[in-house]
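Examining the three-dimensional arrangement
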Amino acid sequence: MRIHAKGRASRDFAPDQVIARVNFTMLKPSYQQALEEGSQMLANYIAAISERTDFNAEDFKTSSYNIREHFHYSQNDSKDLSQIGRPDRRVSDGFEFTQSATLTFDYDRERLAKLLLCTASAPDAPRFHIDFCLKDIHACRRELLPEAYESARQKAAKIAQTAGFSGVECEEIFLDDYHQAATIRAEEPAIRKAASLERFGAPTTPTFEDRLQTINENFHPEPITVSKYIDSIWTTR
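None of these values were measured; they are calculated from a predicted model. (Residues numbered from 1 in each chain as written. Predicted model: local features only at pLDDT ≥ 70, side-chain atom pairs only at ≥ 80, totals over all residues. Heavy atoms only, no water.)

Before going further, it helps to examine the nonpolar core. One finds Tyr-45, Phe-60, Leu-112 and Leu-115 to be the most contacted residues of the largest nonpolar core, which totals 33 residues. Elements that contribute at least two residues to this core include exactly β2 (17-28), α1 (31-52), β3 (60-74), β4 (89-106), α2 (109-121), β5 (127-133) and α5 (208-218). In terms of residue count, α1 provides more of this core than any other element does, seven residues in total. When sequence neighbours within four positions are dropped, the list of residues in contact with Leu-112 reads Val-18, Phe-105, Tyr-107, Ile-130, Phe-132 and Phe-219. Formed by 17 residues, the second largest nonpolar core is a distinct cluster that contains Ala-9, Ala-152, Val-168 and Ile-224. (Core = buried A, V, L, I, M, F, W, Y, C linked by side-chain atoms within 4.5 Å. Buried < 20%, exposed > 50% of the residue type's maximum accessible area, 1.4 Å probe, protein only. Helix = DSSP H or I, 4+ residues; strand = E, 2+ residues; numbered from the N terminus. Contact = heavy atoms within 4.5 Å.)

Taking 1.5 Å per residue as the helical rise, α1 with its 22 residues ought to reach 32 Å, and the 32 Å between its terminal C-alpha atoms agrees with that figure. On its buried side, α1 packs onto β2, β3, β4 and α2. (Expected span 1.5 Å × (residues − 1).)

A few words on the pattern of salt bridges. Any two side chains of opposite charge can pair, given that their charged atoms come close. Tallied over the full model, the rule gives 12 salt bridges. Asp-231 serves as the salt-bridge partner of Lys-6, at 2.8 Å between the closest nitrogen and oxygen. Pair noted here: Lys-6 is in strand β1 (residues 2-13) and Asp-231 is in strand β8 (residues 224-236), with a separation of 225 residues, a long-range link. Here the salt bridges share partners, and the residues they tie into one network are Arg-11, Glu-143 and Glu-147. (Salt bridge = Lys/Arg side-chain N within 4 Å of Asp/Glu carboxyl O.)

As a packed pair, α1 and α2 sit with axes 10 Å apart at the nearest point and diverge in direction by 140 degrees. Judged by the inter-axis angle, α1 sits oblique to α2. As α1 runs across α2, the sense of the crossing is right-handed. When α1 is examined against α2, the residues Tyr-45, Ile-49 and Arg-52 are found in contact with a partner set consisting of Lys-114, Leu-115, Cys-118 and Thr-119. Here the contact of α1 with α2 is composed, by residue class, of four nonpolar, one polar and two charged. (Axes fitted to C-alpha atoms, helices over the stretch in contact; angles between N-to-C directions. Parallel < 35°, antiparallel > 145°, perpendicular 65-115°, else oblique. Left-handed = near helix turned anticlockwise from the far one by under 90°. Nonpolar A, V, L, I, M, F, W, Y, C, P; charged D, E, K, R; others polar.)

Right, let's talk about the side chain of Glu-96 for a bit. Mapped onto the elements, Glu-96 comes out in strand β4. Assessed through its relative accessible area of 18%, Glu-96 is described here as buried. Within the local environment of Glu-96, its side chain forms a polar contact with the side chain of His-70, the two groups lying 2.9 Å apart. Once you skip the residues sitting within four places of it in the chain, Glu-96 turns out to touch Thr-25, Met-26, Leu-27, Asn-66, Ile-67, Arg-68 and His-70. (Polar contact = N/O pair within 3.5 Å; in protein donor to acceptor, adjacent residues only side chain to side chain.)

The next point concerns the packing of aromatic side chains. Under the criterion given, the structure shown has seven aromatic pairs. Plain terms: the ring middles of Tyr-107 and Phe-132 are 6.0 Å apart, the flat faces sit at 75 degrees to each other, and that makes the pair edge-to-face. Placement of the pair is Tyr-107 in the loop between β4 and α2 and Phe-132 in strand β5, with a sequence separation of 25 residues. Over the ring of Phe-71 we find Arg-90, and its NZ or CZ is 3.7 Å from the ring centre. (Phe/Tyr/Trp six-rings, centres within 6.5 Å; stacked < 30°, edge-to-face > 60°. Lys NZ or Arg CZ within 6 Å of the ring centre and 35° of its normal.)

In this section: α5. Listed in full, the buried residues belonging to α5 are Leu-212, Thr-214 and Ile-215. Projected down its long axis, α5 carries its buried residues within an arc of 160 degrees, all on one side. (Arc of directions from axis to C-beta.)

Where α2 meets α5, the closest approach of the two axes is 9 Å, and the angle between their N-to-C directions is 115 degrees. α2 and α5 meet at a crossing whose hand is right-handed. Residues Arg-109, Glu-110, Ala-113, Lys-114, Leu-116, Leu-117 and Cys-118 of α2 pack against Phe-208, Arg-211, Leu-212, Ile-215 and Asn-216 of α5. Here the residues of the contact of α2 with α5 are counted per class, giving seven nonpolar, one polar and four charged.

Everything listed is a geometric property; what it means functionally is a separate question.
Below you can see the structure in the form of structure tokens.
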């Protein structure tokens, strides 16, 4: 008798990698202003981060860059007979500068806390969010393979026992290697709340070290749940 059984195993893993993404946006009257002031805004941010952390300009990788003109349409004056029937006028609002950069590093609570604090207090602070990831999800799945195999074996053995057989032997295994995300995201409001840095009841302005401690106490990434599935064929004995 041949038995088809599916096996599954799941386990929580602590994130071991951080991907921080920052996004800078500004609108200026001219292309040249948008280019120069937008580029300077990014340079000022990286300088502020480099001053208080061990990150440097080479650690930030540009993921997108764009300057484009923004327009709106202005309706013609209905009282001006000469404008009747003419299309609405397209009016320039200026040039929008946008640039995104990514910073990837091994998870370290103190490095992350410094990055959060410096980003929140930087001049022209960018929009940003943080992803907590697993560097090698395939290694995590390999750890789960014995548990998934045992899950399938127990199911097949139960079916065999119900049918009056004494046991089962594995004939074939099919590994299900579908893509599974291994990321959890900390959105900007939560990050800013963790770095909001007025400690409850504090009579004085907190120091940089006080603020680092506040973040360490209140900002904890959730574990990432990883699952492994297998299909298997068993024969009874």
